[in-house]
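Single-letter residue listing:
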Amino acid sequence: MHSPQLPLSFLTSVDPGLPPHAVSRLRTQRLARSTRPFLSRGGPRGERCEGCRLRPSHCLCALRPMLETGAGFCLVMHDAEPLKPSNTGWLIADVVCDTWAFGWSRTEPDAALLALLEDARWQPYVVFPGEFVSPPGRVVHDLAPHEGARPGARPLFILLDATWPEARKMFRKSPYLDRFPVLSLRPEQVSGYRLRRSQRSDHFCTSEVAALCLELTGDTHDAQAGRVLESYLQVFSERYLQAKNQKPPEVHSVAMQALCSAMRPES
Ligand SMILES: [Zn+2]
């Protein structure tokens, strides 16, 4: 049984002393609407840091990169996604300052999402595999100026943060996204990433897709943020498993060294 006084997702939360980012705020909103307790997969025991969702002994908050970039991200998240302790959209908000996060709705999209999509300072791209787009005329593979592009606008990558079947449904049923180009990553870019990471699975997590988007803009800050995001995901995954297996955090691991080197400008 759960006591109604306890926070819904994590039994004891620890304040990291950092302002909550967009995904963290969305999680708080989502929890407030929750009618039943949502327990993270680790079960009801133990405490977690509110800033990084890891156990306090494995907290990553001191390493949160918070980089200024040319491109921004707009995460449109399926219902329970912000509550999942392994959600990697969270990591994008840790790395890229200009990250927004909204809960998905087919019929009642968030007014702030619609305002962002209208903002002339940003050029939205819906990131989605081209082979599932019909008609295919909306599909682009790079950020070259296209018809109707907003002059001088910064790229805004819209990521549908969900399981693959949910994301397909969201893509089909979000009429407010239909007027924007669909950015489909090229197979050679995807296979280059697989080689770097010896990643065999066909499915990329949201932060991996974001890192690949950051490679495309031609902006050196974005390229660095992409490298940081790649290694930050490795560090997060490593800490997550170490905590789960009750091992101490490894501060000089290969992943930690890669993150430190990516954080150095012009590495
Ligand atoms: Zn933390």
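Residues numbered from 1 in each chain as written. Predicted model: local features only at pLDDT ≥ 70, side-chain atom pairs only at ≥ 80, totals over all residues.

Caption draft 1: View of the overall build of the protein chain. Looking only at helices and strands, the protein chain has eight helices and eight strands in total. For the protein chain, the residues scored as buried account for 34% of the 267 residues in total. Partitioning the contacts of the protein chain with sequence separation of at least 6, the portion at a separation of at least 24 is 78%. (Helix = DSSP H or I, 4+ residues; strand = E, 2+ residues; numbered from the N terminus. Buried ≥ 20, exposed ≤ 12 C-beta atoms within 10 Å, placed from the backbone. Contact = placed C-beta atoms within 7 Å.)

Caption draft 2: The nonpolar core, seen in detail. Ranked by size, the top nonpolar core spans 55 residues in total, and within it Leu75, Ala210 and Leu229 carry the most contacts. In terms of residues, this core owes the most to one element, helix α7 (residues 220-244), which gives eight residues. (Core = buried A, V, L, I, M, F, W, Y, C linked by C-beta atoms within 7 Å.)

Caption draft 3: Focus on the confidence of the model for the protein chain. Looking at the protein chain as a whole, its pLDDT mean stands at 88, while 87% of the residues score no less than 70. Note on residues 1-11: pLDDT is under 50 here. Beyond four places in sequence and across chains, it has 16 contacts. (pLDDT = per-residue confidence, 0-100.)

Caption draft 4: Fine view of the pairing of strand β7 (residues 154-161). Judged by how many residues are buried, β7 sits mostly within the fold: seven of eight residues are covered. Direction of pairing for strand β5 (residues 122-127) relative to β7: parallel, over a ladder of five bridges. The partner of Val126 across the bridge, within β7, is Ile158. (Pairing = 2+ DSSP bridges.)

Caption draft 5: Structural view of the environment of Gly103. If you trace the backbone, Gly103 turns up in strand β4 (residues 99-103). Here Gly103 falls in the buried class, since 20 other C-beta atoms lie within 10 Å of it. In this structure Gly103 touches Leu26, Arg30, Met77, Asp79 and Asp110, once residues within four positions along its chain are discounted.

Caption draft 6: Here's a closer look at the packing of α7 against helix α8 (residues 254-263). Viewed as axis vectors pointing N to C, α7 and α8 meet at an angle of 155°, and their least axial separation amounts to 8 Å. Comparing the axis directions of α7 and α8 gives the class roughly antiparallel. Both α7 and α8 take part in a crossing whose hand is left-handed. The residues of α8 that touch α7, namely those facing Arg227, Val228, Ser231, Tyr232, Gln234, Val235 and Glu238, are Ala255, Met256, Ala258, Leu259, Ala262 and Met263. Split into classes, the residues belonging to the contact of α7 with α8 amount to nine nonpolar, two polar and two charged. (Axes fitted to C-alpha atoms, helices over the stretch in contact; angles between N-to-C directions. Parallel < 35°, antiparallel > 145°, perpendicular 65-115°, else oblique. Left-handed = near helix turned anticlockwise from the far one by under 90°. Nonpolar A, V, L, I, M, F, W, Y, C, P; charged D, E, K, R; others polar.)

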